[in-house]
Amino acid sequence: MRQLLFFSNNKNKIIEIKKIFNKFNLQLLSLKDVGISEEPEESGKTFEENAKIKSDYGFSKTGIPCFADDSGICIESLSWKPGVFSKRFLNEFKSKEACFKSIIKITKDNDNQNAYFKTSISLSINNDRNIIFNGKVDGKISEKIRGNFGFGYDPIFIPIHYKKTLAELSTKEKNEISHRAIAVTKLINFLFN
Ligand code: IMP
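None of these values were measured; they are calculated from a predicted model.

How each quantity is defined
- Residues numbered from 1 in each chain as written.
- Predicted model: local features only at pLDDT ≥ 70, side-chain atom pairs only at ≥ 80, totals over all residues.
- Heavy atoms only, no water.
- Helix = DSSP H or I, 4+ residues; strand = E, 2+ residues; numbered from the N terminus.
- Rg over C-alpha atoms; globule rule 2.2 N^0.38 Å.
- Contact = heavy atoms within 4.5 Å.
- Areas by Shrake-Rupley, 256 points an atom, 1.4 Å probe, with all protein chains shown as cover.
- Lys, Arg positive; Asp, Glu negative; His and termini not counted.
- Charge placed at Lys NZ, Arg CZ, Asp CG, Glu CD.
- Buried < 20%, exposed > 50% of the residue type's maximum accessible area, 1.4 Å probe, protein only.
- Arc of directions from axis to C-beta.
- Polar contact = N/O pair within 3.5 Å; in protein donor to acceptor, adjacent residues only side chain to side chain.
- Axes fitted to C-alpha atoms, helices over the stretch in contact; angles between N-to-C directions.
- Parallel < 35°, antiparallel > 145°, perpendicular 65-115°, else oblique.
- Left-handed = near helix turned anticlockwise from the far one by under 90°.
- Nonpolar A, V, L, I, M, F, W, Y, C, P; charged D, E, K, R; others polar.
- Pairing = 2+ DSSP bridges.

> Would you take a moment to explain the overall build of the protein chain for this structure?
Each helix and strand in the protein chain was counted, giving 6 helices and 7 strands. Relative to the 2.2 N^0.38 estimate, which gives 16 Å for 193 residues, the radius of gyration of the protein chain is 17 Å and therefore close to what a compact globule would have. The principal-axis extent of the C-alpha atoms belonging to the protein chain is close to 55 × 30 × 25 Å. Long-range pairs, those at least 24 residues apart, make up 58% of the contacts in the protein chain with a sequence separation of at least 6. By element, 50% of the accessible surface of the protein chain is carried by carbon and sulfur atoms, the whole surface being about 10700 Å². Looking at charge distribution, the protein chain has the averaged site of its 31 positive side-chain charges lying 4 Å from that of its 23 negative ones.

Right, here's the structure in full:
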């Protein structure tokens, strides 16, 4: 059976990805399965660069084809930031709520709520071959913090054509439209078609 390494320590992501890959004839390994505990510094300027740093690292350590993802939110009123700094940006505030309120205020003051989520997946299949799969979902920053599902910025992001925030959608609904789902579908089409 073919092996594929998913370079992530995020338990929820690993469960989600393992579920998706279950139906395929492939052994999906996590970092824990291959005994990797350290991660390279995510020093890239783009989602693509950071994803590649991680998938190249995984392949170089194990010789097993490896994929990694990197994602975040980009907000027009913040000059399309925080982008690759999405996790760090959230942690700079004393609470998630404080961060969300600040974003809502800035987007209201600018009268511009445009935003998008992006995921880049990098697949490293040998020393000099890597392929990128991108997924993006456009939307708007909400006027209020709403919903309890999901994680990260979900409670303030309304996907295009929707009225609810991502945190008001069930996991199943979110997985049908999310930036991550789009990128994973492209990866699967590449691997199995
Ligand atoms: P990661 O690279 O996928 O771990 O994402 C980095 C950060 O971006 C996360 O810690 C979240 O704050 C934010 N983020 C990424 N994807 C999502 C999402 O689907 N919903 C909400 N926030 C997200």
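> Sorry if this is basic, but what is going on with the environment of L191 here?
Locating L191 in the fold gives a position in helix α6 (residues 179-192). C-alpha separation for the pair L191 and F24, spaced 167 residues apart in sequence, amounts to 10.0 Å. Leaving out residues up to four positions away in the same chain, L191 has contacts with R2, L4, F21 and L123.

> Would you take a moment to explain helix α1 (residues 11-21) for this structure?
Within an α-helix, residues lying three or four positions from one another point in the same direction, as the helix has 3.6 residues per turn. For α1, the complete set of buried residues consists of K13, I14, I17 and F21. One face of α1 carries all of its buried residues, which in axial projection span an arc of 100°. Facing away from the buried side of α1 by more than 90 degrees, the exposed set consists of K11, N12 and K19. Its buried side turned inward, α1 meets β1 (2-6), β2 (26-30), β3 (66-75) and α6. At the N-terminal end of α1, a side-chain oxygen is found 3.1 Å from the backbone nitrogen of K13, two or three residues along, and the residue is N10.

> How should I be thinking about the packing of α1 against α6 in this particular structure?
Packed helices, taken two at a time, are described by the angle their axes make and the gap between the axes. Running from amino to carboxyl end, α1 crosses α6 at an angle of 40°, the nearest separation of the two axes being 12 Å. In terms of axis orientation, α1 runs oblique to α6. As α1 runs across α6, the sense of the crossing is right-handed. Listed contacts from α6 to K13, E16, I17, I20 and F21 of α1 are R180, V184, L187, I188, L191 and F192. Tallied by class, residues from the contact of α1 with α6 come to 8 nonpolar, no polar and 3 charged.

> Teacher, can you tell me more about the pairing of strand β6 (residues 129-141) here?
Sheet faces and side chains relate simply in a regular strand, where the side chains alternate between the two faces. Here strand β5 (residues 114-126) pairs with β6 via 12 bridges, running antiparallel. Residue pairing in the sheet places S122 in a bridge with I132 of β6. Bridge count between β6 and strand β7 (residues 157-159): 3 bridges; the pairing is antiparallel. The partner of K140 across the bridge, within β7, is I158.

The analysis is restricted to geometry; functional conclusions fall outside its scope.
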